[in-house]
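Below, each chain spelled out in residue letters.
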Amino acid sequence: YGKAFLVHVEKALRELELGVKSLEKLTSSTEGLIDLGYVDPLAPKYIPNMVRRFLDLPNNSRLRFSFFQGTTPNLIKGLKEEAYDLIFCSYAEAEEDIEFIPVFRQDLVLAVPIGHPFAIKNSVVLEELANSPLITYNKETALGTATLELFEKSNISPNIASEAYNEQAIYGLV
């Protein structure tokens, strides 16, 4: 009976060994898949450059990435649901169970068509924008919310003509 049973035991041990190797790959720091979420403004340069530098480090060449773009609220939701391993997004208040680490700061800029009176200025104060039609980030985005808060703090009701989720759409509408 032992010889007949040995065949099954050896097969079971091989399957267990394969399972252990699969788990090691999932938990390995040198190979596996990283699900990375990020906001649209980081797509053209920051994320590709950061990932390339990371993969060029010793022992990282066998890691793979899956990339996902979204708004800060959707990315945070996905992180909490374990759809992402790591996200790059704007800071969100009332998220005590998530650690936010600033990686850079970025100025808000005003984009205007060539020949617009603001195009010759080095800076513009919010009050100057009060009557101008504006194309802003969608209010569901962190940048859209931050922009609206700036106007609100200055007691200005902006004349929002359109909203968009990313710079490319905003630039196209300007």
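No experiment lies behind these values; they were computed from the predicted model shown.

A.B. asks: Mind showing me how you'd approach the overall build of the protein here?
C.D. replies: Counting secondary structure elements, the protein contains 5 helices and 5 strands. N-terminal to C-terminal, the α/β element order of the protein is α-β-α-β-α-β-β-α-β-α. A total of 174 residues make up the protein; the buried ones form 25% of that total. Counting only contacts in the protein whose residues sit at least 6 apart along the sequence, the fraction spanning at least 24 positions is 63%. For the protein, the accessible area works out to roughly 13,000 Å², and carbon and sulfur atoms hold 55% of it.

A.B. asks: What is the right way to look at the pattern of salt bridges in this model?
C.D. replies: Pairing between side chains of opposite charge can happen when the charged atoms of each approach one another. Going through the model one piece at a time under the given rule, you end up with 5 salt bridges. As a salt-bridge pair, K77 and E81 come within 3.4 Å of each other at their nearest N and O atoms. K77 sits in the partly exposed class, given a relative accessible area of 48%. Among the residues examined, E81 registers a relative accessible area of 52% and is labelled exposed.

A.B. asks: Can you walk me through the packing of aromatic side chains in this structure?
C.D. replies: Pairs of aromatic rings are described using the distance from one ring centre to the other and the angle between the two planes. Taken as a whole and judged by the stated rule, the model has 7 aromatic pairs. Summarising the aromatic geometry, the rings of Y38 and F67 are spaced 6.4 Å apart at their centres and angled 70° between planes, so their arrangement reads as edge-to-face. Of the two residues, Y38 sits in strand β1 (residues 31-38) while F67 sits in strand β2 (residues 62-69), which places them 29 residues apart along the sequence. Given the relative accessible area of 41%, F67 is considered partly exposed. Seen from their ring centres, Y46 and F88 are 5.8 Å apart, and the 65° between their planes marks the pair as edge-to-face. With Y46 in helix α2 (residues 46-55) and F88 in strand β3 (residues 86-88), this residue pair connects regions lying 42 residues apart in the sequence. Grouping aromatic residues by their ring pairs yields a cluster made of Y38, F54, F65 and F67.

A.B. asks: Looking at this structure, I do not really get unusual backbone geometry. What am I missing?
C.D. replies: Only a minority of non-glycine residues have a phi that is not negative, and only a minority of peptide bonds are not trans. For N59, which is not glycine, the phi torsion reads 75° and is therefore positive. A residue is classified by how much of its surface remains accessible, and N59, at 56% relative accessible area, is exposed. Here the phi dihedral of N155 falls at roughly 55°; this positive angle occurs in a residue that is not glycine. By the element assignment, N155 lies in the loop between α4 (142-153) and β5 (159-164).

A.B. asks: Help me out: how do you make sense of the sheet that holds β1 in this one?
C.D. replies: Whether parallel or antiparallel, the strands of a sheet pair through hydrogen bonds between backbone atoms. In spatial order, the strands read β2-β1-β3; together these 3 strands make up an open sheet with parallel pairing. Strands at the two margins of the open sheet, each flanked by one partner only, are β2 and β3. The sheet shows a mean angle of 25° between the axes of neighbouring strands, taken without regard to direction. As judged from the 8 bridges shared by β1 and β2, these two strands associate in the parallel manner.

A.B. asks: Which parts of the structure should I look at to understand α4?
C.D. replies: An α-helical turn contains 3.6 residues, so any two residues separated by three or four positions project in the same direction. The terminal C-alpha atoms of α4, which comprises 12 residues, lie 16 Å apart, in line with the 16 Å expected from a rise of 1.5 Å per residue. Burial in α4 covers these residues: G144, T147 and F151. Here the buried residues of α4 occupy an arc of 65° about the axis, which is enough to place them on one side. Seen from the buried face of α4, the exposed residues on the opposite side, beyond 90 degrees, are E152 and K153. In this fold, the buried residues of α4 make contact with β4 (133-137). A positive phi of about 55° marks N155, the residue just after α4.

About the cut-offs
- Residues numbered from 1 in each chain as written.
- Predicted model: local features only at pLDDT ≥ 70, side-chain atom pairs only at ≥ 80, totals over all residues.
- Heavy atoms only, no water.
- Helix = DSSP H or I, 4+ residues; strand = E, 2+ residues; numbered from the N terminus.
- Buried < 20%, exposed > 50% of the residue type's maximum accessible area, 1.4 Å probe, protein only.
- Contact = heavy atoms within 4.5 Å.
- Areas by Shrake-Rupley, 256 points an atom, 1.4 Å probe, with all protein chains shown as cover.
- Salt bridge = Lys/Arg side-chain N within 4 Å of Asp/Glu carboxyl O.
- Phe/Tyr/Trp six-rings, centres within 6.5 Å; stacked < 30°, edge-to-face > 60°.
- Pairing = 2+ DSSP bridges.
- Axes fitted to C-alpha atoms, helices over the stretch in contact; angles between N-to-C directions.
- Expected span 1.5 Å × (residues − 1).
- Arc of directions from axis to C-beta.

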